[in-house]
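Structural description and commentary
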2 protein chains.
Amino acid sequence: MGELQQKGALAKKASVILAKKSSEEKNKGLIKAADFLLQYKEEIIKANEIDLQFAKENGIKGSLIDRLTLNEKRIEAMAEGLREIAMLEDPVGEVLSMKKRPNGLVIGQKRVPMGVIGIIYEARPNVTADAFGLCLKTGNAVILRGGKEAIHSNIQIVKILQNALEIVGLPKEAVQLVEDTSRETAKEMMRLNEYLDVLIPRGGAGLIQTVVQNSTVPVIETGVGNCHIYVDDKAKIDDAVSITVNAKVQRPGVCNAAESLLVHKDVAEIFLPKVYDELKRYNVEIRGDEKVRGILPDVNAATEEDWGREYLDYVIAVKVVDSIDEAIEHISKYGTKHSEAIITEDYSNAQRFLEEIDAAAVYVNASTRFTDGFEFGFGAEIGISTQKLHARGPMGLKELTTTKYIIYGNGQIRQ
Amino acid sequence: MGELQQKGALAKKASVILAKKSSEEKNKGLIKAADFLLQYKEEIIKANEIDLQFAKENGIKGSLIDRLTLNEKRIEAMAEGLREIAMLEDPVGEVLSMKKRPNGLVIGQKRVPMGVIGIIYEARPNVTADAFGLCLKTGNAVILRGGKEAIHSNIQIVKILQNALEIVGLPKEAVQLVEDTSRETAKEMMRLNEYLDVLIPRGGAGLIQTVVQNSTVPVIETGVGNCHIYVDDKAKIDDAVSITVNAKVQRPGVCNAAESLLVHKDVAEIFLPKVYDELKRYNVEIRGDEKVRGILPDVNAATEEDWGREYLDYVIAVKVVDSIDEAIEHISKYGTKHSEAIITEDYSNAQRFLEEIDAAAVYVNASTRFTDGFEFGFGAEIGISTQKLHARGPMGLKELTTTKYIIYGNGQIRQ
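Remember, it's a predicted structure, so these values are computed and weren't measured experimentally. (Residues numbered from 1 in each chain as written. Chains lettered and ligands numbered in written order. Predicted model: local features only at pLDDT ≥ 70, side-chain atom pairs only at ≥ 80, totals over all residues. Heavy atoms only, no water.)

Here we come to the environment of A:Ala366. Mapped onto the elements of the fold, A:Ala366 is located in strand E13 (residues 361–366). Sequence separation between A:Ala366 and A:Ala33 is 333 residues; the distance between their C-alpha atoms is 38 Å. If we skip the residues at most four places from it in the chain, A:Ala366 touches A:Ile243, A:Ala341, A:Ile343, B:Leu105, B:Gly409 and B:Gln412. (Helix = DSSP H or I, 4+ residues; strand = E, 2+ residues; numbered from the N terminus. Contact = heavy atoms within 4.5 Å.)

Right, dumping it as structure tokens:
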């Protein structure tokens with residue numbers, strides 16, 4: 001039996017036990033795991049050094065090295081994350097509705113764990129603790145398949161988490177790591193329908209597309225964001241400038257950062273020079289269409305390809321549009337249904353944008369950077385769903401549960 | 001451009017228009033469609049006769065012929081179904097929650113249409129009107145791919161529905177039929193991610209597995225049901241008999257009918273002869289394990305294969321178990337997570353069964369036949385989901401919608 005079959009079977013068993021555990025018992029596991037991460041941080045840092053050494057030897061670039069790095073501060077943040085999850089309300093067991101039917105049947109809908117969740121992710125080893133915490137809190141077993149760059153760190157972290165579970169009397173197979181990081185095991189995991197109830201990819205567009213294209217396990221698609229800011233002709237110009245700059249530069253490497261800017265022709269001449277000055281302070285490269293370049297002659301020309309790009313970098317594509325209609329059409333064509341914003345003081349345009357834009361989060365007069373579990377008030381999140389089934393937008397604890405109908409009868413038969 | 005690409009693009013356009021229509025406008029379309037089905041019933045019956053002729057010439061068996069047949073009464077039922085959908089509450093536009101965050105952002109979660117729904121189904125032409133009605137009510141465009149046996153009926157029905165839409169000013173591409181019923185178009189439809197937001201298969205286990213295995217479009221899996229009745233040692237025997245018989249014979253061809261019966265050893269000798277007598281009145285074939293045959297010597301022997309079968313017929317597999325633990329284990333191993341029932345007067349056993357059985361609907365002292373949109377009080381349903389993502393159990397109008405976050409700001413940027 002292969003590694004995945006074996007781990008799948010163990011996870012399934014663990015999930016049955018976990019489903020019956022109280023919030024208190026699960027929280028004890030989270031707190032103990034947080035304690036152990038701190039207690040054994042030296043071991044984690046040592047394992048991480050092996051990964052870093054290997055990465056450097058293989059000429060891996062700086063931003064990836066940064067994501068891969070675990071230091072004392074980051075391990076403390078991982079532990080703090082687990083403590084915060086312990087403090088959130090447990091969604092499991094909530095009865096969403098319960099009604100008595102005319103025939104006397106009492107039908108309730110109850111929130112229950114999914115069962116076994118698979119997570120495929122890339123270089124960040126802190127996802128390991130984070131995903132474990134969210135899954136444990138919601139009574140799910142989790143099978144983690146991280147990137148090969150972080151394998152030594154991940155093995156060490158999962159070992160510590162499992163020890164914590166055992167000590168508090170929870171099944172240690174509630175969290176398991178796939179240690180064979182070949183592409184074959186990833187593909188096998190995508191077809192592990194016998195054991196996995198859902199598969200969540202966390203990472204870049206390439207990873208997510210591979211999972212969507214190959215998985216027979218139900219997938220929750222997360223995170224690719226070609227987010228737009230549309231500056232309407234009735235925009236407050238100063239707000240438009242500060243929101244655009246914030247959405248672009250506050251953290252350019254994340255999915256809710258703005259990648260494209262659409263500007264109504266009637267305000268282009270006032271707005272563009274102002275936003276240009278501010279973006280230049282952050283060394284943002286601007287790629288404009290012809291009309292933009294008529295106003296800002298020294299910006300680069302945008303090509304068709306730029307409208308569809310998720311740069312995740314200090315680059316923004318800028319286009320002048322004739323109307324809100326053109327803006328909505330452009331976003332419908334090139335957007336990824338993540339987060340989209342209109343800046344306007346016009347009531348009808350604001351309402352139209354909110355209604356007609358098909359995205360997980362649609363904003364009026366605010367930065368797209370707010371699409372985030374903490375900012376929405378849900379607490380920790382497992383990712384941001386850009387699909388329409390099950391979950392859309394930031395996915396917190398509730399989105400890691402399903403429901404079942406529980407029906408109380410006293411002999412009812414169907415007529 | 002192939003038929004599906006073309007129809008996908010038209011459906012997408014129609015869905016944008018539909019999403020903005022009021023409940024009143026959509027209801028007008030439903031009522032007009034109901035009127036037209038009655039007004040043009042002769043045309044439908046004529047088209048259906050071609051399908052029936054063809055089916056008979058090809059030696060298609062009786063139960064399929066029955067499902068394929070449309071007569072005046074069935075067309076009236078189709079029309080009545082549309083009128084009932086018109087009377088249901090429109091879930092679109094409901095704001096599920098709206099909260100003000102500390103930074104002044106007001107974040108609401110609003111129910112919106114999915115967009116374009118694909119439905120792949122088999123012989124019943126009445127699904128055509130039914131699926132159209134549920135999708136139109138929820139503001140979704142629908143692409144229907146029915147079986148080749150019903151193609152003439154389906155073409156005629158969709159033509160009538162489209163005429164009704166046009167007359168009331170709704171886009172006629174809100175409902176489209178795939179006329180090429182080859183396997184290739186079905187496969188192509190499963191990969192039409194560009195246009196389809198969700199794909200729902202309705203039909204037998206083979207169809208559903210094909211869709212789950214091949215679709216890259218998100219799928220809602222419906223309906224395979226190997227449902228169990230477990231008669232506990234503390235069961236009221238008369239209730240146990242009537243519920244078992246009802247769950248088996250009231251309509252054996254549907255997914256929520258019981259296929260397996262588990263009996264606690266302590267009541268087997270009293271219960272089995274009683275249920276035997278009743279089941280025999282309906283000519284139900286009983287396939288029992290050794291212990292069952294010890295009590296009922298003339299029943300057939302059950303093989304390992306019988307425990308996993310969805311007979312959809314007058315056949316039931318029966319097993320004697322030593323304990324509720326064995327019953328739960330058996331159901332976990334062979335069940336399809338559809339509908340499961342325990343018959344007991346024991347409080348703790350009832351609670352355990354409700355908690356530990358992983359299924360869409362779990363019953364105490366009632367027939368599994370109640371797992372149904374109408375019986376649950378939701379009105380019409382598009383199917384019964386046996387998966388855990390998005391929808392579980394009977395799927396009514398709400399399950400054909402998604403949500404989006406709408407965020408009202410006044411210049412907020414992220415710190």
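Our next topic: a positive patch on the surface. Residues and elements named next belong to chain A. Together, Lys61, Arg67, Arg124 and Arg251 give the surface a local cluster of positive charge. Along the chain, Lys61 turns up in the loop between helix H3 (41–57) and helix H4 (62–68). Taking the relative accessible area as the measure of exposure, Lys61 reaches 60% and is therefore exposed. (Patch = residues over 30% accessible without salt bridge, like charges linked within 9 Å, V, L, I, M, F, W, Y side chains within 5 Å. Areas by Shrake-Rupley, 256 points an atom, 1.4 Å probe, with all protein chains shown as cover. Salt bridge = Lys/Arg side-chain N within 4 Å of Asp/Glu carboxyl O. Lys, Arg positive; Asp, Glu negative; His and termini not counted. Charge placed at Lys NZ, Arg CZ, Asp CG, Glu CD. Buried < 20%, exposed > 50% of the residue type's maximum accessible area, 1.4 Å probe, protein only.)

Below, the discussion takes up the packing of aromatic side chains. Evaluated as defined, the whole model comprises 10 aromatic pairs over all chains. Arranged with centres 6.1 Å apart and planes meeting at 45°, the rings of A:Phe378 and B:Tyr405 form a pair that is tilted. With A:Phe378 in the loop between E13 and strand E14 (383–385) and B:Tyr405 in strand E16 (residues 401–412), this residue pair bridges two chains. Since its relative accessible area comes to 4%, B:Tyr405 is described here as buried. Between B:Phe36 and B:Tyr40, the aromatic rings sit 5.4 Å apart at their centres with planes inclined by 85°, giving edge-to-face as the arrangement. By relative accessible area, which is 8% here, B:Phe36 ends up buried. On the accessibility criterion, B:Tyr40 (30% relative accessible area) is partly exposed. (Phe/Tyr/Trp six-rings, centres within 6.5 Å; stacked < 30°, edge-to-face > 60°.)

This part covers the packing of helix H13 (residues 324–334) of chain A against helix H14 (residues 347–356) of chain A. All names here are of chain A. Where H13 contacts H14, the axes come no closer than 11 Å and their chain directions differ by 20°. With respect to each other, H13 and H14 are oriented roughly parallel. The element H13 and its partner H14 pack so that their crossing is right-handed. The segment H13 lies against H14, with Ile324, Asp325, Ile328 and Ile331 engaging Asn349, Arg352, Phe353 and Glu356. Classifying every residue of the contact of H13 with H14 gives 4 nonpolar, 1 polar and 3 charged. (Axes fitted to C-alpha atoms, helices over the stretch in contact; angles between N-to-C directions. Parallel < 35°, antiparallel > 145°, perpendicular 65-115°, else oblique. Left-handed = near helix turned anticlockwise from the far one by under 90°. Nonpolar A, V, L, I, M, F, W, Y, C, P; charged D, E, K, R; others polar.)

Bringing helix H13 (residues 324–334) of chain B into the picture now. Residue and element names in this part refer to chain B. Looking at H13, one finds that the buried residues are Ile324, Ala327, Ile328, His330, Ile331 and Tyr334. The buried residues of H13 occupy an angular sector of 160° when the element is viewed end-on, so they sit on one face. Of the residues in H13, the exposed ones pointing more than 90 degrees away from the buried face are Glu329, Ser332 and Lys333. Check the buried side of H13 and you find it contacts strand E7 (227–231), strand E8 (258–264), strand E11 (315–321), strand E12 (339–343) and helix H14 (347–356). (Arc of directions from axis to C-beta.)

With that out of the way, let us pick up the pairing of strand E12 (residues 339–343) of chain A. Residue and element names in this part refer to chain A. Most of E12 is tucked away, with 5 of its 5 residues classed as buried. What you see with E12 is no split at all: Ser339, Ala341 and Ile343 on one side and Glu340 and Ile342 on the other are buried throughout. As paired strands, strand E7 (residues 227–231) and E12 are joined by 4 bridges and run parallel to one another. Considered in E12, the bridge of His228 is made with Glu340. With 4 bridges connecting them, E12 and E13 associate as parallel partners. (Pairing = 2+ DSSP bridges.)

A complete count under the given rule lists 51 salt bridges over all chains for this structure. A:Lys248 is the salt-bridge partner of A:Glu259, the closest N and O atoms lying 3.0 Å from each other. You can see A:Glu259 sitting in strand E8 (residues 258–264) and its partner A:Lys248 sitting in helix H10 (residues 237–249), a full 11 residues away along the chain. Looking at A:Glu259, the relative accessible area reads 0%, which means it is buried. The buried category is assigned to A:Lys248, whose relative accessible area is 0%. A salt bridge links B:Asp325 to B:Arg352, with the shortest nitrogen-to-oxygen separation between them at 3.2 Å. Of this pair, B:Asp325 sits in helix H13 while B:Arg352 sits in helix H14; the two residues are 27 residues apart in sequence, bridging distant segments of the chain. Residue B:Asp325 is classed as partly exposed on the basis of its relative accessible area of 40%. Accessibility expressed as a relative area gives 27% for B:Arg352, which makes it partly exposed. Bridged by salt links that share partners, the residues A:Asp197, B:Lys337, B:Asp358, B:Lys388 and B:Arg392 form one connected network.

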